[in-house]
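Observations on the model geometry
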Amino acid sequence: MHKEESRTDLGLIRIHKNVIASIASLAATEIEGVKHIGKNLKSGLLELIDRQTVASIKVEIDKNDEVRVEIPVVIRYGFNIPEVASKIQENVRTAIEKMTNVVLKDINVNVQGIERG
Amino acid sequence: MRIFTVLGILFYSVIIILVGLGLIALSLNILQPQDINNLLVYLQENFNSRIVVGLAGVLLILISFSFAQLILGRFQREKTIAFTTASGEVTIALSAVEDLIRRLAGIIPEIKELRPDVIATKKGILVDIRVVLKSEANLPELTARLQDIAKSKIQEVLGLEEQIITRIHVAKIIATEEKKRRELDKQEPTIPYSGYGRA
């Protein structure tokens, strides 16, 4: 699995995609109006096996080391979707940049459903 | 495309029924293992029949493959409404919009059941709503209200300026009062031998 790398005087620091996905997941669920992170078939199966909850968040790192994150979410009923999505994007960007120094190119939010909060 | 799906379902149903019948016949001793053996031997002995069997196998694999793709493709091809922000793209699954409309059933008490179907077209967002109503509802007033609420709710929550066309189909009207009365009649206790008069 592709990892984000950075070199220091002492050696190499690798940040696994799952770490970025975990940060994105936590940052997204912090936002008021987000019910939970959405699921797909793969994440559902993985959750059954080892309770991995970030499998549905896609993290792509291309050749130019540009990182693209795709977050599926379920929004609480009554909230304005574009507003919540925009807050998610901002919070995820801030959290990832703050914790990993990784600069994100795109943060795509995919609203999968609406549930009563 | 719909006809292919129906044909595919029919094809698989026929195959599964044949397998089931074969197993039942085997269990009832109607079909002997020797018969199956004879058939297989016959199929393998003749060169032409071997070709036919081989081609049938290939055809079965192809049909299964295309049918599986047809079904899986339909599941994967989930329609969305998308817009771009400074940080990236936001896509909203049409099923999320359907969830949103489904919640309206809780707001309007006259609605017993509500089934929305949302399609994104070039003209705008097309919302088809099938509703089951309670008998006391005034249809023109209620449907107009439902259209208004659905439209304003979608615009408010999605923040989109696109045209929203709402079509309502009243699928059923449930007679609630009549039903209640019938239930009450059922519950009323009956006195044994009440039909007999005194002499």
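Presented here is a report on the structure given in the accompanying data block.

Reading guide: rules and limits
- Residues numbered from 1 in each chain as written.
- Chains lettered and ligands numbered in written order.
- Predicted model: local features only at pLDDT ≥ 70, side-chain atom pairs only at ≥ 80, totals over all residues.
- Heavy atoms only, no water.
- Contact = heavy atoms within 4.5 Å.
- Buried area = accessible area lost by both parts, 1.4 Å probe.
- Salt bridge = Lys/Arg side-chain N within 4 Å of Asp/Glu carboxyl O.
- Polar contact = N/O pair within 3.5 Å; in protein donor to acceptor, adjacent residues only side chain to side chain.
- Helix = DSSP H or I, 4+ residues; strand = E, 2+ residues; numbered from the N terminus.
- Nonpolar A, V, L, I, M, F, W, Y, C, P; charged D, E, K, R; others polar.
- Axes fitted to C-alpha atoms, helices over the stretch in contact; angles between N-to-C directions.
- Parallel < 35°, antiparallel > 145°, perpendicular 65-115°, else oblique.
- Left-handed = near helix turned anticlockwise from the far one by under 90°.
- Pairing = 2+ DSSP bridges.
- Patch = residues over 30% accessible without salt bridge, like charges linked within 9 Å, V, L, I, M, F, W, Y side chains within 5 Å.
- Areas by Shrake-Rupley, 256 points an atom, 1.4 Å probe, with all protein chains shown as cover.
- Buried < 20%, exposed > 50% of the residue type's maximum accessible area, 1.4 Å probe, protein only.
- Right-handed = clockwise from strand over helix to strand, strands pointing away.
- Core = buried A, V, L, I, M, F, W, Y, C linked by side-chain atoms within 4.5 Å.

This paragraph deals with the interface of chain A and chain B. Taken together, the contacts link 20 residues of chain A with 21 residues of chain B. Together, the buried faces of chain A and chain B total about 1,700 Å²; carbon and sulfur atoms form 50% of this surface. For the pair chain A and chain B, the number of links is zero salt bridges. Scanning the region where chain A abuts chain B turns up 13 residue pairs in polar contact (both at pLDDT 80 or more). The element that contributes the greatest number of residues to the side of chain A that touches chain B is strand β6 (residues 104-115) of chain A, accounting for eleven residues. Classifying every residue of the side of chain A that touches chain B by side-chain character gives nine nonpolar, six polar and five charged.

All right, on to the packing of helix α4 (residues 94-102) of chain B against helix α6 (residues 139-158) of chain B then. Residues and elements named next belong to chain B. The N-to-C vectors of α4 and α6 enclose an angle of 130 degrees; their axes lie 10 Å apart at closest approach. Here α4 is positioned oblique relative to α6, judged by the angle of their axes. Here α4 and α6 pass one another in a crossing that is right-handed. Of α6, the residues touching α4 (which contributes Val97, Leu100 and Ile101) are Lys153, Ile154, Val157 and Leu158. Split by residue class, the contact of α4 with α6 holds six nonpolar, no polar and one charged.

All names here are of chain B. Ordered by their spatial adjacency, three strands build an open sheet running β3-β4-β5, and the pairing between neighbours is mixed. Of all the strands in the sheet, the pair left with one neighbour each is β3 (111-120) and β5 (164-174). Strand after strand, the sheet turns through a mean of 15 degrees between neighbouring axes, direction not considered. Both β3 and strand β4 (residues 125-134) contribute to a ladder of nine bridges, which runs antiparallel. Note that in β4 the partner of aspartate 117 across the bridge is aspartate 128. Set on the sheet, α4 makes contact with β3 and β4; between it and β3 the angle comes to about 155 degrees.

On to a nonpolar patch on the surface. On the surface, B:Val14, B:Ile17, B:Leu18, B:Leu21, B:Ile24, B:Leu28 and B:Ile30 cluster together into a nonpolar patch covering about 720 Å² of accessible area. Within the secondary structure layout, B:Val14 lies in helix α1 (residues 2-27).

On to the pairing of strand β5 (residues 67-76) of chain A, then. Residues and elements named next belong to chain A. In terms of burial, β5 is largely enclosed, as seven of its ten residues are buried. Across four bridges, the pairing between strand β4 (residues 58-61) and β5 is antiparallel. Its bridge partner lying in β5, valine 59 is registered against valine 69. What sits between the antiparallel neighbours β4 and β5 is a turn of five residues, in which aspartate 65 has the positive phi angle 60 degrees. Note: β5 against β6, ten bridges, orientation parallel. Considered in β6, the bridge of glutamate 70 is made with asparagine 108. As for the winding sense of the linkage, the β-α-β connection from β5 through helix α3 (residues 81-100) to β6 is right-handed.

Here we come to the nonpolar core. All names here are of chain A. By size, the foremost hydrophobic cluster in this structure holds 60 residues, and its most contacted members are Ile71, Ile88 and Val92. In terms of residue count, the dominant contributor to this core is α3 (seven residues). With residues up to four places along the chain from it excluded, the contact list for isoleucine 88 reads Ala28, Ile31, Val34, Ile71, Val73 and Val109.

Our next topic: the pattern of salt bridges. The tally for this structure, following the rule as stated, stands at eight salt bridges over all chains. Here B:Arg115 and B:Glu113 are joined by a salt bridge, their closest N and O atoms 3.6 Å apart. A salt bridge links B:Arg167 to B:Asp128; the nearest nitrogen and oxygen atoms lie 2.9 Å apart. Highlighted residues: B:Arg167 in strand β5 and B:Asp128 in strand β4, separated in sequence by 39 residues. Judged by relative accessible area, B:Arg167 falls into the partly exposed class, the value being 43%. Within the structure, one salt-bridge network assembled from shared partners comprises A:Glu60, A:Arg68 and A:Asp106.

Within the chain, A:Asn101 stands out as a residue other than glycine whose phi angle is a positive 65 degrees. Position of A:Asn101 among the secondary structure elements: in the loop between α3 and β6. With a relative accessible area of 65%, A:Asn101 lands in the exposed category. Positive phi values are uncommon outside glycine, yet B:Asn29 reaches one of about 65 degrees. Looking at where B:Asn29 falls in the secondary structure, it is placed in the loop between α1 and α2 (33-45).

Honestly, that's just the spatial picture; any functional story needs more than this.
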